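# Per-entry structural report
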Amino acid sequence: MHVRRALTAAATAASVLAVAAPAQAAEYSSALKIKGVQYDAPGSDSNKCSGGNTKHEYLTIKNYSRTATVNLKGYVVKDAAGNKFTFPATHKLQPGDYIKLRGNHGTDSDAKNVVYRQNCNFIWNNDKDTIYLYKPSGARADVHSYTKKSNDRDGNGYVTYHG
């Protein structure tokens, strides 16, 4: 009888601990992940199309697959306020390859690993934000939040998520 009570007490304690433990970030089944974000472009923010610095604000997305090539067409990037960018054209990321999604206008280039949002407005907040990456199907591929105080200890405006 004492053994049964001890086992029941241990099981109850374990279930309480499991409930009380903080939830871990969900890991989504996607080869593409957010590698990092330059959320605060160096210098004073200026969203002028000519001479502004929105091109220095960028999101790095990497293909972490060892074998699969991923086409970015139809992938969506959003922030907490609902600002979004949908990759409009075929842009293939080989295994281990990455792309920098930059603000401002420019010419997309596979060779230079860059896609421009063709918009001179900043998308990421300088104090805090949440970055969502969605597959063309609408399923979530990755999500990360940051605060300048908690995640950018060196103050350079860049936060790394996946190495």
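Residues numbered from 1 in each chain as written. Predicted model: local features only at pLDDT ≥ 70, side-chain atom pairs only at ≥ 80, totals over all residues. Heavy atoms only, no water.

## A word on the pattern of salt bridges
When the charged atoms of two side chains lie near each other, side chains of opposite charge can form a pair. Applying the stated criterion across every chain, the model contains one salt bridge. With a shortest N-O distance of 3.6 Å, Asp40 and Lys148 are connected by a salt bridge. Placement of the pair is Asp40 in the loop between strand E1 (32-38) and strand E2 (58-63) and Lys148 in helix H2 (residues 148-151), with a sequence separation of 108 residues. When its relative accessible area of 16% is taken as the criterion, Asp40 is described as buried. By relative accessible area, Lys148 is classed as partly exposed at 37%. (Salt bridge = Lys/Arg side-chain N within 4 Å of Asp/Glu carboxyl O. Helix = DSSP H or I, 4+ residues; strand = E, 2+ residues; numbered from the N terminus. Buried < 20%, exposed > 50% of the residue type's maximum accessible area, 1.4 Å probe, protein only.)

## A short note on the packing of aromatic side chains
Counted by the stated rule, this structure contains four aromatic pairs. Relative to Tyr158, the ring of Tyr58 has its centre 6.1 Å away and its plane inclined at 45°; by these criteria the two rings are tilted. Of the two residues, Tyr58 sits in strand E2 while Tyr158 sits in strand E11 (residues 158-160), which places them 100 residues apart along the sequence. Like Tyr158, Tyr58 is buried. For the cation-ring pair, Lys100 lies above Tyr58, with the distance from its terminal atom to the ring centre recorded as 4.5 Å. (Phe/Tyr/Trp six-rings, centres within 6.5 Å; stacked < 30°, edge-to-face > 60°. Lys NZ or Arg CZ within 6 Å of the ring centre and 35° of its normal.)

## Considering the confidence of the model for the chain
Here the chain averages 85 in pLDDT, and 83% of its residues register 70 or above. In this model, residues 1-25 is a region of pLDDT below 50 whose contacts with residues beyond four sequence positions or in other chains number zero contacts. (pLDDT = per-residue confidence, 0-100. Contact = heavy atoms within 4.5 Å.)

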